[in-house]
Amino acid sequence: MKDYTASRYLPIAWELFHRDTRMLAHKLVQMAPFKGIVAITRGGLIPSSILARELDIRLIDCISIVSYDDRVQGDPTVIKDVQKDLVGDGEGWLVVDDLVDSGVTARLVKKLLPKAHVATVYAKPQGQDAVDTFVVPIEQTTWLQFPWDAELQPNEPLARRK
Ligand SMILES: O=P(O)(O)OC[C@H]1O[C@H](OP(=O)(O)OP(=O)(O)O)[C@H](O)[C@@H]1O
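None of the values given here were measured: they were computed from a predicted structure.

Novice: Sorry if this is basic, but what is going on with the overall build of the protein chain here?
Specialist: Within the protein chain, the secondary structure is distributed over 4 helices and 8 strands. Put simply, the protein chain runs from its N terminus to its C terminus through helices and strands in the order β-α-β-α-β-β-α-β-α-β-β-β. Taking 15 Å as the expected radius of gyration for a compact globule of 162 residues, we find that the protein chain reaches 16 Å, a close match to that expectation. Viewed in the frame of its principal axes, the protein chain has a C-alpha envelope of about 60 × 35 × 25 Å. A buried classification covers 45% of the 162 residues belonging to the protein chain. A separation of at least 24 residues holds for 62% of the contacts in the protein chain among residues at least 6 apart in sequence. With an accessible surface of roughly 9400 Å², the protein chain has 53% of that area assigned to carbon and sulfur atoms.

Right, dumping it as C-alpha coordinates:
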(Lines give C-alpha, C1' and ligand atoms only; values in the text may rest on other atoms or scores of the structure.)
Protein backbone atom coordinates (compact mmCIF):
# COMPACT_ATOMS: atom_id res chain seq x y z
CA MET A 1 0.00 0.00 0.00
CA LYS A 2 1.27 3.43 -0.89
CA ASP A 3 2.55 5.50 2.04
CA TYR A 4 0.22 8.48 2.26
CA THR A 5 2.05 9.83 5.28
CA ALA A 6 4.91 10.75 2.96
CA SER A 7 5.70 14.33 3.81
CA ARG A 8 8.86 15.04 1.84
CA TYR A 9 8.34 16.26 -1.70
CA LEU A 10 11.22 15.78 -4.12
CA PRO A 11 10.75 18.02 -7.15
CA ILE A 12 11.92 16.46 -10.42
CA ALA A 13 12.76 18.99 -13.16
CA TRP A 14 12.21 18.14 -16.82
CA GLU A 15 15.95 18.08 -17.49
CA LEU A 16 16.56 15.72 -14.56
CA PHE A 17 13.77 13.42 -15.71
CA HIS A 18 15.23 13.37 -19.23
CA ARG A 19 18.71 12.58 -17.87
CA ASP A 20 17.44 9.82 -15.56
CA THR A 21 15.38 8.28 -18.38
CA ARG A 22 18.45 8.34 -20.62
CA MET A 23 20.31 6.46 -17.87
CA LEU A 24 17.55 3.86 -18.04
CA ALA A 25 18.00 3.72 -21.81
CA HIS A 26 21.70 2.94 -21.34
CA LYS A 27 20.76 -0.09 -19.23
CA LEU A 28 17.99 -1.25 -21.56
CA VAL A 29 19.97 -0.94 -24.77
CA GLN A 30 22.09 -3.84 -23.53
CA MET A 31 18.94 -6.02 -23.52
CA ALA A 32 17.66 -4.77 -26.89
CA PRO A 33 16.13 -5.31 -29.33
CA PHE A 34 12.58 -5.11 -28.02
CA LYS A 35 9.59 -5.72 -30.29
CA GLY A 36 7.90 -2.62 -28.93
CA ILE A 37 6.97 -0.61 -25.87
CA VAL A 38 3.85 -0.85 -23.72
CA ALA A 39 3.44 2.43 -21.85
CA ILE A 40 1.53 2.40 -18.56
CA THR A 41 -0.59 5.52 -18.66
CA ARG A 42 -0.34 8.15 -17.82
CA GLY A 43 3.07 8.57 -16.16
CA GLY A 44 4.66 5.93 -18.35
CA LEU A 45 3.87 7.82 -21.55
CA ILE A 46 6.59 10.42 -21.00
CA PRO A 47 9.56 8.05 -20.45
CA SER A 48 8.18 5.80 -23.21
CA SER A 49 8.65 8.56 -25.75
CA ILE A 50 12.22 9.23 -24.62
CA LEU A 51 13.08 5.51 -24.54
CA ALA A 52 11.48 4.88 -27.93
CA ARG A 53 13.77 7.50 -29.41
CA GLU A 54 16.92 6.18 -27.70
CA LEU A 55 16.17 2.51 -28.43
CA ASP A 56 14.91 3.25 -31.94
CA ILE A 57 11.48 1.71 -31.27
CA ARG A 58 8.47 2.86 -33.28
CA LEU A 59 5.86 0.32 -32.17
CA ILE A 60 4.11 1.59 -29.04
CA ASP A 61 0.96 0.36 -27.30
CA CYS A 62 -0.44 1.41 -23.95
CA ILE A 63 -2.24 -0.08 -21.00
CA SER A 64 -4.39 2.20 -18.87
CA ILE A 65 -4.59 1.34 -15.21
CA VAL A 66 -6.43 3.48 -12.71
CA SER A 67 -5.68 2.97 -9.05
CA TYR A 68 -5.27 6.38 -7.48
CA ASP A 69 -7.82 9.11 -7.10
CA ASP A 70 -5.39 11.87 -6.17
CA ARG A 71 -3.89 10.37 -3.03
CA VAL A 72 -6.53 7.74 -2.32
CA GLN A 73 -5.57 4.27 -3.54
CA GLY A 74 -8.28 1.90 -4.65
CA ASP A 75 -8.19 -1.47 -6.44
CA PRO A 76 -6.33 -1.17 -9.73
CA THR A 77 -8.64 -1.31 -12.71
CA VAL A 78 -7.60 -1.87 -16.32
CA ILE A 79 -9.65 0.58 -18.37
CA LYS A 80 -7.73 -0.10 -21.59
CA ASP A 81 -5.79 -3.32 -22.27
CA VAL A 82 -3.00 -3.88 -24.79
CA GLN A 83 -3.68 -5.11 -28.32
CA LYS A 84 -3.47 -8.84 -27.54
CA ASP A 85 -2.76 -10.08 -31.08
CA LEU A 86 0.27 -7.79 -31.11
CA VAL A 87 1.64 -8.01 -27.58
CA GLY A 88 0.56 -11.54 -26.60
CA ASP A 89 2.07 -12.58 -23.25
CA GLY A 90 4.58 -9.75 -23.48
CA GLU A 91 7.53 -11.78 -24.75
CA GLY A 92 10.09 -9.41 -26.28
CA TRP A 93 8.15 -6.32 -25.18
CA LEU A 94 9.28 -3.53 -22.89
CA VAL A 95 6.75 -2.19 -20.37
CA VAL A 96 7.52 1.34 -19.16
CA ASP A 97 6.36 3.43 -16.23
CA ASP A 98 7.77 6.53 -14.58
CA LEU A 99 7.66 5.14 -11.04
CA VAL A 100 7.04 1.98 -9.07
CA ASP A 101 5.83 2.84 -5.58
CA SER A 102 3.86 0.13 -3.74
CA GLY A 103 4.25 -2.16 -6.76
CA VAL A 104 0.49 -2.65 -7.19
CA THR A 105 0.45 -1.41 -10.79
CA ALA A 106 3.59 -3.27 -11.90
CA ARG A 107 2.42 -6.55 -10.32
CA LEU A 108 -0.89 -6.34 -12.16
CA VAL A 109 0.93 -5.75 -15.46
CA LYS A 110 3.24 -8.70 -14.73
CA LYS A 111 0.16 -10.89 -14.31
CA LEU A 112 -1.26 -9.73 -17.63
CA LEU A 113 2.06 -9.75 -19.52
CA PRO A 114 4.21 -12.32 -17.65
CA LYS A 115 7.02 -12.41 -20.23
CA ALA A 116 7.42 -8.66 -20.67
CA HIS A 117 10.40 -6.73 -19.32
CA VAL A 118 9.11 -4.10 -16.90
CA ALA A 119 11.21 -0.96 -16.47
CA THR A 120 10.74 2.23 -14.46
CA VAL A 121 12.88 5.30 -14.02
CA TYR A 122 12.30 5.59 -10.26
CA ALA A 123 11.60 2.84 -7.75
CA LYS A 124 10.65 2.81 -4.08
CA PRO A 125 11.64 -0.21 -1.94
CA GLN A 126 8.15 -1.76 -1.72
CA GLY A 127 7.92 -2.01 -5.48
CA GLN A 128 11.47 -2.77 -6.53
CA ASP A 129 10.92 -6.54 -6.76
CA ALA A 130 7.97 -5.96 -9.10
CA VAL A 131 10.14 -4.48 -11.87
CA ASP A 132 13.00 -5.94 -13.89
CA THR A 133 15.02 -2.75 -14.36
CA PHE A 134 15.06 0.69 -12.73
CA VAL A 135 17.70 3.37 -12.31
CA VAL A 136 16.99 5.67 -9.37
CA PRO A 137 16.02 4.28 -5.95
CA ILE A 138 13.74 6.56 -3.92
CA GLU A 139 12.92 6.38 -0.22
CA GLN A 140 9.45 5.00 0.51
CA THR A 141 8.45 8.13 2.41
CA THR A 142 9.41 10.55 -0.36
CA TRP A 143 6.73 11.83 -2.74
CA LEU A 144 8.06 12.61 -6.20
CA GLN A 145 6.75 15.83 -7.66
CA PHE A 146 6.92 15.34 -11.43
CA PRO A 147 7.06 18.42 -13.67
CA TRP A 148 3.83 17.52 -15.50
CA ASP A 149 1.99 17.49 -12.16
CA ALA A 150 3.36 20.83 -10.95
CA GLU A 151 3.56 24.52 -11.73
CA LEU A 152 5.89 27.25 -10.58
CA GLN A 153 4.45 29.61 -8.02
CA PRO A 154 5.81 31.93 -5.32
CA ASN A 155 6.51 30.38 -1.93
CA GLU A 156 7.23 31.64 1.57
CA PRO A 157 10.78 31.47 2.99
CA LEU A 158 11.16 28.35 5.15
CA ALA A 159 11.63 30.46 8.31
CA ARG A 160 8.21 32.07 7.88
CA ARG A 161 6.28 28.87 7.27
CA LYS A 162 4.19 27.38 10.09
O1 LIG B 1 3.52 1.14 -7.56
P2 LIG B 1 2.19 1.83 -7.41
O3 LIG B 1 1.83 2.09 -5.99
O4 LIG B 1 1.11 1.12 -8.16
O5 LIG B 1 2.35 3.29 -8.01
C6 LIG B 1 2.92 3.54 -9.27
C7 LIG B 1 1.92 4.11 -10.22
O8 LIG B 1 1.45 5.36 -9.69
C9 LIG B 1 1.58 6.37 -10.69
O10 LIG B 1 0.46 6.43 -11.50
P11 LIG B 1 -0.91 7.06 -11.01
O12 LIG B 1 -1.77 5.98 -10.46
O13 LIG B 1 -0.60 8.24 -10.14
O14 LIG B 1 -1.62 7.50 -12.35
P15 LIG B 1 -1.16 8.49 -13.49
O16 LIG B 1 0.17 7.97 -14.01
O17 LIG B 1 -2.25 8.37 -14.48
O18 LIG B 1 -1.04 9.86 -12.90
C19 LIG B 1 2.75 5.92 -11.52
O20 LIG B 1 2.73 6.50 -12.81
C21 LIG B 1 2.58 4.42 -11.55
O22 LIG B 1 1.78 3.98 -12.62
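Right, picking up where we left off after that structure.
Novice: Would you mind showing me how to read the pairing of strand β2 (residues 36-41) here?
Specialist: Regular strands show a simple pattern: their side chains alternate between the two faces of the sheet. Buried residues dominate β2, accounting for 6 of its 6 residues. In terms of strand pairing, β2 meets strand β5 (residues 93-100) through 4 bridges, oriented parallel. The partner of A39 across the bridge, within β5, is V96.

Novice: So what exactly am I meant to see when it comes to unusual backbone geometry here?
Specialist: Backbone phi values are negative for most residues with the exception of glycine, while trans is the configuration of most peptide bonds. The omega angle of the peptide bond from A32 to P33 is 5°, so this bond is cis rather than trans. When you line up the elements, P33 lands in the loop between α1 (14-28) and β2. A cis amide bond, omega -5°, links T41 with the succeeding residue R42. Tracing the backbone through its elements, the reader meets R42 in the loop between β2 and α2 (45-54). Backbone geometry at D56 places phi at a positive 60°, although glycine is not the residue there. Residue position: D56 is located in the loop between α2 and β3 (60-69).

Novice: What should I look at first to understand the side chain of T142 in this one?
Specialist: As for its position among the elements, T142 is in strand β8 (residues 142-145). What makes T142 buried here is its relative accessible area of 1%.

Rules behind the numbers
Residues numbered from 1 in each chain as written. Predicted model: local features only at pLDDT ≥ 70, side-chain atom pairs only at ≥ 80, totals over all residues. Heavy atoms only, no water. Helix = DSSP H or I, 4+ residues; strand = E, 2+ residues; numbered from the N terminus. Rg over C-alpha atoms; globule rule 2.2 N^0.38 Å. Buried < 20%, exposed > 50% of the residue type's maximum accessible area, 1.4 Å probe, protein only. Contact = heavy atoms within 4.5 Å. Areas by Shrake-Rupley, 256 points an atom, 1.4 Å probe, with all protein chains shown as cover. Pairing = 2+ DSSP bridges.

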